[in-house]
Amino acid sequence: MKKHILLLIFAGVLASASAQQGLTLYNMDRVMQSQFINPAIDVPYKFHIGGLLVPIAGQLPPPIYFNYGNNSFYYNHILHMGKGDKADNLVLDIPLFMKKLKKTTHMRFDTQIELLNLGIKLENMFLTVAITEKFKYGMSLPYDIFEFTLNGNMPYMQEGKPHDFSGFGVNFTHYRELAVGGSMQANNDLTLGGRVKILFGMANVNTNFKELSLYTDPDDYSMTFTTDMKVHSSLPIFFDMNMLEIDSVGLSLNEASLTAFEDNPASYFLNLKNIGMGFDIGASYKLTPEIDLYASLIDFGFISWNTNPQNFISKGQYDFHGLEVELWENDEERDASMQNFADTLFNIFKPDLLETSYLTWLPSSVYVGGKYKFHQLLHFTALYRGEFYRKSYMQSLTLGVNSNLTECISAHLTYSLAHRTANHIGFGLSARLGPVSWYIITDSFTNMIWPQKATNINLRMGCNIVFGYKKIKSSASMRT
Amino acid sequence: MKTKLKYLLIASILMVSVFSCVKDNFNFDKWDKEVQYDASFAAPVAWGDLAFTDALRMYDSTGLFIVNEEGYVSLQYLTRVSSNKVNEIIYLNNQNVNGTVESPDFNFAQFSAFNDTVSFFYTDFLTFSMFNAEAEIDSLILKTGIMDIATNSTFSHSARLYVKFPSVTKNGVPFSTIFTYTPGGGSSVSLNNDFTGYNIDLTQTPTNFNEIPVEIRLTLFWSGTTDNSGTVSFDVNMKDMQYKIMHGYFGENTLFFESDTIDISLFKSNDWEIERYLFMDPKFKIYYWNSYGVPSQFYFDHLVAHSVLQGDMNILDDANNLPIGPANPYDVNYALVVGQRMLDSLKVNKENSNIDDVVNARPQWIQFKARATTNPAGLDHHNFVIDDSQIEVEVIMELPLWGYIYNWNLKDTAKVDLSDLQNEYNPIKRVLVRVDIQNGFPIEAFGQVYFTDENYVILDSLFYTYEERLLDAAKVDASGKVLDFSRKVTKIEYVDERLKKLETCKYVVYAAQANTTNAVAGTVIKIFKDYRVKFDVGFEVDLEVEGNIDSISNTF
């Protein structure tokens, strides 16, 4: 009974987990990419190399990682097969969809392409260098947008509540990461690792809505619109904004930047002006011969965007009482009055354009976990992950079973609690043939089989060339 | 082997089921396309803060409303009439003078050889015939005019005729002309002499008015004959004369004024009725502009109001001070200096007439006929007139908005087509319109709307009360001035069930009724120009749509 209660508590606490990343990979120590999640992880090779730039091995398969995450709903929450006489039909279920929405729905995509990674073991240190191309993009939608659209503004009006749209966001970041890391055995039990990353930003669009709200007064239905928002962009082709008058509002591509990009598209990829820094730190500790503990902090860093920075800032408040009726002498006067109203709205909410550099922070993650070596060929793991993302904190709990089946093959099965769902079964497989080591990992293969129930889909695969691999020996006192 | 096949079969069936399930979920052809949308919105529609002065400025281009001397508003109806054109009354006829110089007028004693000359000089008078037998004109300046002179000589000698008009001058130079004749006689003419700008002094003869002297000098030159007989005749025509200014005495002339009817739209409209009302201080104002330099008297021949209730009603002179009738004419101001335009006025009110009786009988129009007579005092040579002199009369009926109106009511019918609300997918299930009015006028208003079928059978009414109070009258003080705004919030709600009642609606009958504050008790109010009304309109609407999306799209 107690166990059930504990499980329920965990499920409740972790109901808001999101964008899974490396939950299965974390304990795949035969895959050097696990050091991306914890720099202190000891990989059993003396040397490895991988990445897209490595001939043949780097393309078969290409070392990519893709992740989609949604912290609120999945496809069947909107459209699902009906019941009864509708059993053979898809039905639209808006009430269910609304029930599943969270305060802010984050839909995120993460795509990474390893260009190159190198690792070399030196005595009690392991040094790594990795260059990775990363694309992080997504959209955040506040609950109140759906509430307003689907239920209208009257329910909130009657409660005296404003509609809060400040959770709205659009983000896109493309950057290149050059990470230099190392791990070192501090003593017999403790290994510490870290990676220093230099980040080269390529392109960014980032929104920051401090306030975006609509309040409807229950007495006279007047509406108060409030905005305090910024939209930042740093793109190779930027915009010319004309916001002098409402009649001439326009955003158009800057011709000079467009021409420059068309003439030399490679310059986009060689841009070194948007510099950032980040670091990963990790530790692993042998509590007992059977039990290892891990902890790591990943992607703590920022990028300073200096190329074509554009900051659109809008801040204002307007009380709308309806159209002002005046005694117009003719149609021209009426039209002028309407124009005046539109101009007023425009001038209040018109964004100012600043062209100053700005900073964005990477979404950082923290991992805490442990491994119990039940048997030489069977290890049980538990991993807690928390991620800071746009004023939200998302969590997940993963239980895993890992087995180094043979010297060449290891298989990993995980079960994760996330997004109020308990249907994330992950799978990882690594296989080595000579110096070539392949891996394929997903944190939720069940979602790939049943995408209609997927709040998270991810896949990582690639190939490393490894040398100096050692026979895996179980540590003392492991059961056989 | 069999076991393995069994497991393989089970696995295959499972896989097919799984993939079939996935495929079905993403097969949009299976979507039943049934949608349900249920939302409620509230929003403000319009607001305003309207002052009476704004309405006056916008809609009252004809000056129907004015701010009177006491500072509150009057309703006025006016008409303006001009007199006959001045040159229809005071004008210049064509003038003519002729004469003859004959041989007996000469002394031929020393007239017998070449270089001998003999002359005869005399002065003739050209008498002007005038527009009025009594007129005695002193001078005039011509705007246009033509003079033709035709002469003829029968003398055997050569001759020269000198004609001069000493009192017809331009820039101080009198007009003159010379005619010459060869021996044996002949004709000589001087035609189309332009007299534009000439000053004619008609006081230079013994008569002292209406005449100008004409100086004639005929000189004969001995031409080798002893025949001294003959005549020289002349004929002078002054024609097409128009004056710029004329001075003198113009005699007694009569100018006539006849107005169109002044419609009193307040009582004339067929759109509304008023059960009872009172105007505390109705009045007439008559304005008289006179640019004639001639003393005049003015009086009405006819000042009548027409009422539905009482027919034609004469507006009478209660105190015998009004110029109603020739027995009591009014001496109006006149110009004393050229270019002046004098204004004079009369006021007809309840103190000096029966106008309040007339107004309270709901007059629909008023008409007047009047006349002005010049020089009522007789001979006076100080009259003057210019070419655009005119007398204009403006009659204004003023109804100061001081009083009360009880049961102003209006009813009208309009054809409607509410079929759009009846379609299967009408999304509106409930609509509520909220009207919040803060009224700064001392007027309350009620309204009702009836929805009827083609036979005018009532299907529903907008309000459940007989007539819904839409506007609360502002409270007034003892002098009738508003003390503060009154506020009334009216909510008009329509739900789907009520809309269904209007399926066969073809007509909308709307009725409105208004009273001034406490009019039932006879409380009088005043309307000041700074009164205003503030309003705020918002709505709530419940939307509900349920059905097949294709059908819904086709409907809309």
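Use the structure listed above.
What this report covers is the structure whose coordinates are included nearby. Since the model is a prediction, treat every value here as computed from it, not as a measurement.

**Observations regarding a nonpolar patch on the surface**
Residues and elements named next belong to chain A. Taken together, the side chains of Val 196, Met 277, Phe 279, Ile 281, Phe 300, Leu 359 and Trp 361 make up a nonpolar region of the molecular surface, amounting to roughly 670 Å² of accessible area. Secondary structure elements with two or more residues in the nonpolar patch: strand S13 (274-286) and strand S18 (358-361). Tallying contributions element by element places S13 first for the nonpolar patch, with 3 residues. Take Ile 281: it is sitting in strand S13.

**Overview of the pattern of salt bridges**
Under the defined criterion, the tally for this structure stands at 40 salt bridges over all chains. Its salt-bridge partner being Lys 161 of chain A, residue Glu 159 of chain A comes within 3.9 Å of it at the nearest N-O pair. Across the pair Asp 436 of chain B and Arg 434 of chain B runs a salt bridge whose closest N-O atoms are separated by 3.5 Å. Across this residue pair, the class does not change: Asp 436 of chain B and Arg 434 of chain B are buried. One network of salt bridges, with partners in common, ties together Lys 134, Glu 177, Arg 195, Lys 197, Asp 280 and Asp 299 of chain A.

**Observations regarding the sheet that holds strand S16 (residues 283-290) of chain B**
Residues and elements named next belong to chain B. As summarised here, the arrangement of the 5 strands in space is S2-S3-S23-S16-S20, forming an open sheet in which the pairing is antiparallel. Here the strands that pair on one side only, and so sit at the sheet edges, are strand S2 (65-67) and strand S20 (342-349). Mean inter-strand twist for the sheet, computed between neighbouring axes without regard to direction, equals 30°. In terms of strand pairing, S16 meets S20 through 8 bridges, oriented antiparallel. By the bridge assignment, Ile 286 is partnered in S20 with Leu 346.

**Some details on the sheet that holds strand S1 (residues 34-51) of chain B**
Spatial ordering of the open sheet is given by S16(A)-S1(B)-S32(B)-S25(B)-S29(B), a layout of 5 strands whose pairing is mixed. Each edge of the sheet is formed by a strand with only one pairing partner; in this case those strands are strand S16 (323-324) of chain A together with strand S29 (486-495) of chain B.

**A few points about a negative patch on the surface**
Residues and elements named next belong to chain A. Together, Asp 240, Glu 255, Glu 262, Asp 263 and Glu 355 line one region of the surface with negative charge. By residue number, the principal contributor to the negative patch is helix H5 (residues 255-263), which donates 3 residues. Within the secondary structure layout, Glu 355 lies in the loop between strand S17 (352-354) and S18. Using a relative accessible area of 54% as the deciding quantity, one classes Glu 355 as exposed.

The rules we used
- Residues numbered from 1 in each chain as written.
- Chains lettered and ligands numbered in written order.
- Predicted model: local features only at pLDDT ≥ 70, side-chain atom pairs only at ≥ 80, totals over all residues.
- Heavy atoms only, no water.
- Patch = residues over 30% accessible without salt bridge, like charges linked within 9 Å, V, L, I, M, F, W, Y side chains within 5 Å.
- Areas by Shrake-Rupley, 256 points an atom, 1.4 Å probe, with all protein chains shown as cover.
- Salt bridge = Lys/Arg side-chain N within 4 Å of Asp/Glu carboxyl O.
- Helix = DSSP H or I, 4+ residues; strand = E, 2+ residues; numbered from the N terminus.
- Buried < 20%, exposed > 50% of the residue type's maximum accessible area, 1.4 Å probe, protein only.
- Pairing = 2+ DSSP bridges.
- Axes fitted to C-alpha atoms, helices over the stretch in contact; angles between N-to-C directions.
- Lys, Arg positive; Asp, Glu negative; His and termini not counted.
- Charge placed at Lys NZ, Arg CZ, Asp CG, Glu CD.

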